[in-house]
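# Architecture at a glance
Listed here are the chains, written in short residue letters.
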Amino acid sequence: RKEVEQDPGPFNVPEGATVAFNCTYSNSASQSFFWYRQDCRKEPKLLMSVYSSGNEDGRFTAQLNRASQYISLLIRDSKLSDSATYLCVVNSQSGAGSYQLTFGKGTKLSVIP
Amino acid sequence: SAVISQKPSRDICQRGTSLTIQCQVDSQVTMMFWYRQQPGQSLTLIATANQGSEATYESGFVIDKFPISRPNLTFSTLTVSNLSPEDSSIYLCSARDRDIFSPYEQYFGPGTRLTVT
């Protein structure tokens, strides 16, 4: 089983639509969780952290379910500029005791005019 | 946030040669990392670059193939040795510092796109 699994998409949605991405992780000892955004031919950039209580940043809402080892990202009122690949990222303690990010393959979103 | 630069941004190399990628961070950071992102794939951690000591490599990556230097807290290099077409990929430098950034927040350089012919 892969450590972080995401639906690869692509998700093609019209402007203004609401879209949700899901992610599951295998390491129950994972400490923290993030969504990164990666534009085509660019580096990943942190979009938002994900907390157990759920958190919202404008049109973006992230949820974490530790019991199910499940993370989600909801984007409301999609904009053309939201087109990108969204990476689910899990931070876990490595064998050496340090923390390490594990990336999902990403879900590609295309917002269509 | 951190600003991370990488050189070169891209290169085309012949098989059997080596490429050294430089990474510069605009602030002193405790942790620097090197990742690889192959086409259509996610990021895979190659190694953690340790300042003043040997890098810590992940499973499947070895020092002879990917020697890493980190002479100070703002700079690191990754060399990809004895290149083969399978090494064609994007190589990304990353930095983290819990005292400067939010805990566990990591920043990435723009990447170096390597094509091996």
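Since we're looking at a predicted model, the values are computed, not measured.

Right, let's talk about the packing of aromatic side chains for a bit. Per the counting criterion, the structure on display carries 11 aromatic pairs over all chains. With a centroid separation of 5.7 Å and an interplanar angle of 85 degrees, the aromatic rings of F103(A) and Y35(B) are classed as edge-to-face. In this pair, F103(A) sits in strand β10 (residues 99-103) while Y35(B) sits in strand β4 (residues 31-37), so the two residues belong to two different chains. Side by side, F103(A) and Y35(B) carry an identical accessibility label, which is buried. Ring centres of F61(B) and F66(B) lie 5.5 Å apart, and the angle between their planes is 65 degrees; on these two criteria the pair is classed as edge-to-face. Note on F66(B): relative accessible area 4%, which makes it buried. The structure contains a cluster of three or more aromatic residues connected by ring pairs, namely F34(A), Y36(A), F103(A), F33(B), Y35(B) and F108(B).

Glancing now at the pattern of salt bridges. All names here are of chain A. If you walk through the whole model with that rule in mind, you get five salt bridges over all chains. Salt-bridge contacts for R59 lead to D82; the nearest nitrogen and oxygen are separated by 2.8 Å. Of this pair, R59 sits in the loop between β6 (55-57) and β7 (60-65) while D82 is found in the loop between β8 (70-75) and β9 (84-93), placing the two residues 23 residues apart along the sequence. The exposure class of R59 is partly exposed, given its relative accessible area of 22%.

What counts and how
Residues numbered from 1 in each chain as written. Chains lettered and ligands numbered in written order. Predicted model: local features only at pLDDT ≥ 70, side-chain atom pairs only at ≥ 80, totals over all residues. Heavy atoms only, no water. Phe/Tyr/Trp six-rings, centres within 6.5 Å; stacked < 30°, edge-to-face > 60°. Helix = DSSP H or I, 4+ residues; strand = E, 2+ residues; numbered from the N terminus. Buried < 20%, exposed > 50% of the residue type's maximum accessible area, 1.4 Å probe, protein only. Salt bridge = Lys/Arg side-chain N within 4 Å of Asp/Glu carboxyl O.

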